[in-house]
Amino acid sequence: MTVLRAQGLSRRFPVRAGRLAARRWLHAVNGVTLEMRQKETLAIVGESGSGKSTLGRLLALIEQPDAGTLEIAGERATPENRARMRPLVQMVFQNPHACLNPRKTLEDILDEPLRINTPLGRAARDLEIDAMLERVGLSPKYRRRYPHMFSGGQRQRIAIARAMMLKPRLVIADEPTSALDVSIQAQIINLFRELEARHETSFLFISHDLGVVRHVARRVAVMYLGTIVEEAPTETLFQSPRHPYTRALLSTHPTLGGEWRRIPLTGEPPSPLEHTDGCPFRQRCPLADARCANEAPVLLPQDGDASHLAACHLQGTGGA
Ligand code: SF4
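To start, this report covers the structure provided alongside it. Not measured: the values here are computed from a predicted model. (Residues numbered from 1 in each chain as written. Predicted model: local features only at pLDDT ≥ 70, side-chain atom pairs only at ≥ 80, totals over all residues. Heavy atoms only, no water.)

1. Describing helix 7 (residues 182-198)
Part 1 of the argument: In a regular helix each residue adds 1.5 Å, so 17 residues correspond to 24 Å; helix 7 covers 25 Å between its end C-alpha atoms and thus fits that length.
Part 2 of the argument: Along helix 7, the residues classified as buried are Gln185, Ile188, Ile189, Leu191, Phe192, Leu195 and Glu196. Viewed along the axis of helix 7, the buried residues span an arc of 155°, placing them on a single side of the element. Away from its buried face by more than 90 degrees, helix 7 exposes Ser183, Ala197 and Arg198. (Helix = DSSP H or I, 4+ residues; strand = E, 2+ residues; numbered from the N terminus. Expected span 1.5 Å × (residues − 1). Buried < 20%, exposed > 50% of the residue type's maximum accessible area, 1.4 Å probe, protein only. Arc of directions from axis to C-beta.)

Dropping the structure here:
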């Protein structure tokens, strides 16, 4: 069953260098098309500034797209029904401290979504809260504590519990482990895997950490300058990356991946203000030719495999 279907999603933001300067546009997300099925775990990877967090906010119905359509659980999101649909998609953010109300107890934080969105009475809500606390590895005896009384890892468990309270169809986790110690990161990754196994929810991870992505996701989409340039089952992507950017990204982690030809990732990504025709990776791509400057490549199946897509004019030849 399809939980999420995004088609041609785009979002740009106005930017002014000064009060008298002409307005320019930062193209954060450009025509992204994506599907997720029930109980699927997908990761979106890319460098800082690739647009992955903006895409996450579009999919979580926090931002409105400028173009494109979005369906959650078969219903198309519109400005009129966004508020009603929002409980279907929940977000977990990088910094749990910043997104938990310091004046509310753990009990209040977890009760709020139930109280607002369900007809459950107090006793039934209490049972739900205790059950969820156990599922995320927190003792119900902590219910009266405030967020500052918990460690960073425990706060992230609280944020995850809050996201799961309404049994959402999709949880979007934006760099959920990057603010945590390495030892705690593994615990949070394991928690997501346990929740994935026990619930019908789908999970979308946004991360720059390829090691985390390989552990947690079944499928990976690679984002560059607002577009998805490659998408594949996780092991296929790590063992047989086709897009030069994916190879360059994996080349920065020599312990990951297979025997494909490595490509050094050089230079900074171009500014998303300089939106031009052609392949968005061409300024950094060692394989670029004249066609790459004039014609934007589209995502196409690799070697007839519809689960492995890459957007490169050299696709199908191995990219090198
Ligand atoms: Fe490189 Fe051209 Fe492929 Fe873009 S389309 S990744 S510039 S070879």
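2. With respect to the packing of helix 6 (residues 152-164) against helix 7
Part 1 of the argument: It is at 10 Å that the axes of helix 6 and helix 7 come closest, and there the two elements cross at 20°. Classified by the interaxial angle, the pair formed by helix 6 and helix 7 is roughly parallel. Judged by the twist between their axes, the crossing of helix 6 over helix 7 is right-handed. Together, Gly153, Gln156, Arg157, Ile160 and Met164 of helix 6 and Ile184, Gln187, Ile188, Leu191, Phe192 and Leu195 of helix 7 make up the contact between the two elements. (Axes fitted to C-alpha atoms, helices over the stretch in contact; angles between N-to-C directions. Parallel < 35°, antiparallel > 145°, perpendicular 65-115°, else oblique. Left-handed = near helix turned anticlockwise from the far one by under 90°. Contact = heavy atoms within 4.5 Å.)

3. Considering the nonpolar core
Part 1 of the argument: Counting 53 residues, the largest nonpolar core has Leu110, Ile160, Phe192 and Val222 as the members making the most contacts within it.
Part 2 of the argument: Considering each element in turn, this core owes the most residues, 6 residues, to helix 6.
Part 3 of the argument: Each residue touching isoleucine 160, except ones within four places of it in the same chain, is listed here: Val92, Ile188, Leu191, Phe192 and Leu195.
Part 4 of the argument: Counting 29 residues, the second-largest nonpolar core is a separate cluster that includes Ala28, Leu61, Leu70 and Met223. (Core = buried A, V, L, I, M, F, W, Y, C linked by side-chain atoms within 4.5 Å.)

4. With respect to the sheet that holds strand 2 (residues 24-37)
One key point about sheets: their strands pair by backbone hydrogen bonds, in either a parallel or an antiparallel sense.
Part 1 of the argument: In spatial order, the strands read 2-1-4-5; together these 4 strands make up an open sheet with antiparallel pairing. Each of the sheet's edge strands pairs with one partner strand only, and the pair in question is strand 2 and strand 5 (75-76).
Part 2 of the argument: Across the sheet, helix 1 (residues 52-59) lies against strand 1 (2-15), strand 2 and strand 4 (67-72), angled at about 120° from strand 1, the strand it touches most. (Pairing = 2+ DSSP bridges.)

5. Focus on helix 4 (residues 106-117)
Part 1 of the argument: Those residues of helix 4 that sit buried are Leu106, Glu107, Ile109, Leu110, Asp111, Pro113 and Leu114.
Part 2 of the argument: Among the structural elements, helix 5 (122-135) and helix 6 are those in contact with the buried residues of helix 4.

6. Side note on the packing of aromatic side chains
The way to describe two aromatic rings as a pair is by their centre distance and the angle between their planes.
Part 1 of the argument: Tallying each qualifying case throughout the model produces 6 aromatic pairs.
Part 2 of the argument: Measuring from ring centre to ring centre gives 5.8 Å for phenylalanine 192 and phenylalanine 203, while their planes differ by 75°; the resulting arrangement is edge-to-face. Taken together, the residues span a long stretch of sequence, with phenylalanine 192 in helix 7 and phenylalanine 203 in strand 8 (residues 202-207) at a distance of 11 residues.
Part 3 of the argument: Phenylalanine 192 gets classed as buried once you look at its relative accessible area, which sits at 1%.
Part 4 of the argument: Grouped by ring-pair contacts, the aromatic residues Phe192, Phe203 and Phe205 constitute a single cluster.
Part 5 of the argument: The ring of tryptophan 25 carries arginine 12 above its face, with NZ or CZ at 3.7 Å from the centroid. (Phe/Tyr/Trp six-rings, centres within 6.5 Å; stacked < 30°, edge-to-face > 60°. Lys NZ or Arg CZ within 6 Å of the ring centre and 35° of its normal.)

7. A few points about the site of the ligand
Part 1 of the argument: In the vicinity of the ligand, the contacting residues are His243, Pro244, Cys279, Arg282, Cys285, Leu287, Ala288, Cys292, Pro297, Cys312, His313 and Leu314.
Part 2 of the argument: The residue inventory of the shell around the ligand, partitioned by class, reads 9 nonpolar, 2 polar and 1 charged. (Near = heavy atom within 4 Å. Nonpolar A, V, L, I, M, F, W, Y, C, P; charged D, E, K, R; others polar.)

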